[in-house]
Amino acid sequence: MNRLRVTPGPVLALTACWLATRALTLWLLLHDTAPLLGGGSVTREVWRLYVHWYGVLAHGSFPAHDPMWQYPPGAGGVLLAPGLLPGLTYFQAFVVLSLAADALVGAALVRAGTRPGRSVRGAALWTGGLPLLLHLPLARYDVVVTGLAVLCLLTLPRSPRACGVFGALGALVKVWPALALLGTPPGGATRRSWSWAMATGTAALGLFAVLFTDPLSFLREQGGRGVQIESLGGTALSLARHAGWTGRTRYQYGAIELVGPHVQAVANASLALTAAAFGLLVAWRARARRWSEATPYDAALSAVLLFTVTSRVISPQYMIWLLGLAAVCLTSRSTSQRPVAALVLAASALSTVAYPVCYREVVDGSWSGCLLMLSRNALLAGAAGLSFVRLWRAARPPAEKKAPPRQPRSGSHRLPDRALSIS
C-alpha cells in the first residue's frame, strides 16, 4: 500500500504561517474603513452588492436587468451559499466560506506537494502570496473559483473524471476555469475529462434552468463592457490623457471604466488580441509532442495569463486566479513556470498598491497612478509572454543527438583527406 511521505516540519511551518497571515487579513478586514485600506470600498461589494443579489436569487430569479450582473449561473449558487450558515450575518458567513475555501486550497496543495517527487513550494506560494492582496480575497468569491480550478488540476493524474467535473463547475461560476482543461494529456485522459466536463456542465445548466429564471442573462450584460482603467488598454488611455486625450472615467458595469473618443477601438483591439491568444493556445495544443506531469499545470497558467493581459478588464481579484495556478505549477519539480510565478508575486504586490492603497491616483490618471499601473501591467505582460514561450519550448521533442563520426579500424593506414590531394 502506497503511503504519502509527509515531512512534518514544512507542513507545520506552513500551517503556522497560514494561521498567522489569515489572522492578519481578518484584522485588516475589521479595519477596512481606513483610508489606506480603501475607505470601505473593498468590503462594500459584499454587504451591498452581493447581499442584493442574494435577495433576488433567493426568490428564484437571476438579476436579469442588472447591468452589473455579468456572471454565469454557477455564481448564483456561490452567492446563495452563505445563507446556509445559521446564526451569522450574510457578510460574516461569506467571510467564513472564503476562509474555508482558502484553507481547502492550501490543504490540497500541501497534499500534492508532499507526494514523492513533488514540492511544497506551491503551498508556500499560496500561503505567503495570497496575503499580498491584503483582505481583498476575503471579500470576493474568486477564492472559491480558484479552489475549483486548483482541484481540477490536482485531481487530473488520479481521476480525469473528477478533473472534468471540477473544471465544469468552475466554468459555471466564472468561465475561466475551463482553461484548466487545455493541457490534459492526449488520449484517454483528455477524452474522459472533457466528456465529463461537458456532461456536468450540461446537467448543471439544466438544473439552473429548472430552478431559476433567466440563467443566461449575464451574456447580455457582458457584451456592453468597456475598457476598465486597470487593463492594458486602460493604462494606454490613461497615459493618453496626459497627451491631450479628452476621455474621462465613469463607474459602470461594476467597475471604473474609461469613456470617450477611441475607447471602442481599444476595446475591439483587446478582443482581437484575445482571439489571437486563443489561436496561439490552439497552435500549441496541436503541435505539442512532450507531456510531463507539469504540462497541464503550466498550460493552465499560461492560458489564464494570456486571457488576462488581453482582456478589457483586469480587476484586482484576478491576481487570486494567477496565484492559485502558479502555486499548482510549483507543486511539480518539472514545471517550466518558476520565473513566471515570481513575476506573478511581484505583480500581486504592485496590484495591492494600486488597489486599494493608491486607487484615487489610478482613477484620476495622475502620473504616479499611470506609472504604477504601467509597472504592474508590464509585469503581467512579461509573465504572459515568458510563460507561453517556456510552455512552447517544453512541449517540443528533444533534439536528436548526431552519431559520432566513425573512426578508422585499427591497423588501417588510410591517409587524411588533405594527404590525398597532391599538387
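Before reading further, recall that the structure is shown in the block above.
Residues numbered from 1 in each chain as written. Predicted model: local features only at pLDDT ≥ 70, side-chain atom pairs only at ≥ 80, totals over all residues. Heavy atoms only, no water.

Trainee: Explain the overall build of the chain to me, using residue names and the numbers behind them.
Mentor: Assigned secondary structure in the chain consists of 17 helices and three strands. The principal-axis extents of the C-alpha atoms in the chain amount to approximately 95 × 65 × 45 Å. In the chain, buried positions account for 50% of the 423 residues. By sequence separation, contacts in the chain at least 24 residues apart represent 76% of the contacts at least 6 residues apart. Of the charged side chains in the chain, 38 are positive and 15 negative; the average position of the first set lies 15 Å away from that of the second. (Helix = DSSP H or I, 4+ residues; strand = E, 2+ residues; numbered from the N terminus. Buried < 20%, exposed > 50% of the residue type's maximum accessible area, 1.4 Å probe, protein only. Contact = heavy atoms within 4.5 Å. Lys, Arg positive; Asp, Glu negative; His and termini not counted. Charge placed at Lys NZ, Arg CZ, Asp CG, Glu CD.)

Trainee: Provide a residue-level description of the state of the cysteines, including the pertinent values.
Mentor: Overall, the coordinates contain zero disulfides when judged by the stated rule. The thiol of Cys329 is not disulfide-bonded; the next cysteine sulfur, from Cys152, is found 13 Å away. On the accessibility criterion, Cys329 (1% relative accessible area) is buried. (Disulfide = S-S within 2.5 Å.)

Trainee: How would you summarise the nonpolar core if you had to cite specific residues and measurements?
Mentor: By size, the foremost hydrophobic cluster in this structure holds 103 residues, and its most contacted members are Tyr50, Leu79, Leu109 and Tyr141. The biggest single contributor to this core is helix α13 (residues 318-330), with twelve residues. Apart from residues no more than four positions distant in its own chain, Leu79 is found in contact with Tyr50, Trp53, Tyr54, Leu57, Trp69, Tyr90, Phe94 and Tyr141. Formed by five residues, the second largest nonpolar core is a distinct cluster that contains Trp18, Leu29, Val95 and Leu138. (Core = buried A, V, L, I, M, F, W, Y, C linked by side-chain atoms within 4.5 Å.)

Trainee: Before we move on, could you go through the sheet that holds strand β2 (residues 248-252) and cite the residues and values that matter?
Mentor: Sheet strands associate in pairs through backbone hydrogen bonding, adopting either a parallel or an antiparallel arrangement. The antiparallel open sheet is built from three strands, whose spatial order is β1-β3-β2. On the outer flanks of this sheet lie β1 (227-228) and β2, each paired with one strand and no other. Examined bridge by bridge, β1 and strand β3 (residues 255-259) share two bridges and lie antiparallel to one another. Among the inter-strand pairings, Gln228 is bridged to a residue of β3, identified as Glu257. (Pairing = 2+ DSSP bridges.)

Trainee: How would you explain the side chain of Ser332 if you had to name every residue and give the values?
Mentor: Looking at the element boundaries, Ser332 is found in the loop between α13 and α14 (338-357). Taking relative accessible area as the criterion, Ser332 reaches 1% and is therefore assigned buried.

Trainee: I'd like to hear about the pattern of salt bridges, residue by residue, with values.
Mentor: One pass over the full model with this rule turns up five salt bridges. The closest approach of N and O atoms between Glu45 and Arg140, which form a salt bridge, is 3.6 Å. Placement of Glu45 in helix α2 (residues 41-57) and of Arg140 in the loop between α5 (121-129) and α6 (142-154) is noted, with a sequence separation of 95 residues between them. A salt bridge links Glu293 to Arg118; the nearest nitrogen and oxygen atoms lie 4.0 Å apart. In this pair, Glu293 sits in the loop between α11 (263-287) and α12 (295-309) while Arg118 sits in the loop between α4 (90-113) and α5, placing the two residues 175 residues apart along the sequence. Given a relative accessible area of 40%, Glu293 falls into the partly exposed group. Judged by its relative accessible area of 10%, Arg118 falls in the buried class. (Salt bridge = Lys/Arg side-chain N within 4 Å of Asp/Glu carboxyl O.)

Trainee: So what about the packing of α5 against α13? Which residues, and what values?
Mentor: Running from N to C, α5 and α13 cross one another at 155 degrees; their axes reach a closest spacing of 6 Å. Classed by the angle they form, the pair α5 and α13 counts as roughly antiparallel. In this structure, α5 crosses over α13, and the sense of that crossing is right-handed. Residues Arg121, Gly122, Leu125, Trp126 and Gly129 of α5 lie in contact with α13, whose contacting residues are Ile320, Leu323, Gly324, Ala326, Ala327 and Leu330. Looking at the contact of α5 with α13 residue by residue, the classes come out as seven nonpolar, three polar and one charged. (Axes fitted to C-alpha atoms, helices over the stretch in contact; angles between N-to-C directions. Parallel < 35°, antiparallel > 145°, perpendicular 65-115°, else oblique. Left-handed = near helix turned anticlockwise from the far one by under 90°. Nonpolar A, V, L, I, M, F, W, Y, C, P; charged D, E, K, R; others polar.)

Trainee: Describe in detail α5, supporting the description with residues and values.
Mentor: Those residues of α5 not exposed but buried are Gly122, Ala123, Leu125, Trp126, Thr127 and Gly129. Residues of α5 that are buried in the fold lie against α1 (8-30), α4, α6, α13 and α14.

Trainee: If you had to explain the pairing of β3 to someone new, which residues and values would you point to?
Mentor: Of all five residues in β3, five are buried, a share of seventy percent or more. Residues of β3 alternate between two faces, with Ala255, Glu257 and Val259 on one and Ile256 and Leu258 on the opposite face, all of them buried. By the bridge criterion, five bridges tie β2 to β3 in an arrangement that is antiparallel. Each bridged residue has a counterpart across the sheet, and for Arg250 the counterpart in β3 is Glu257. Linking β2 to β3, which pair antiparallel, is a turn of two residues; within it Tyr253 sits at a positive phi near 55 degrees.

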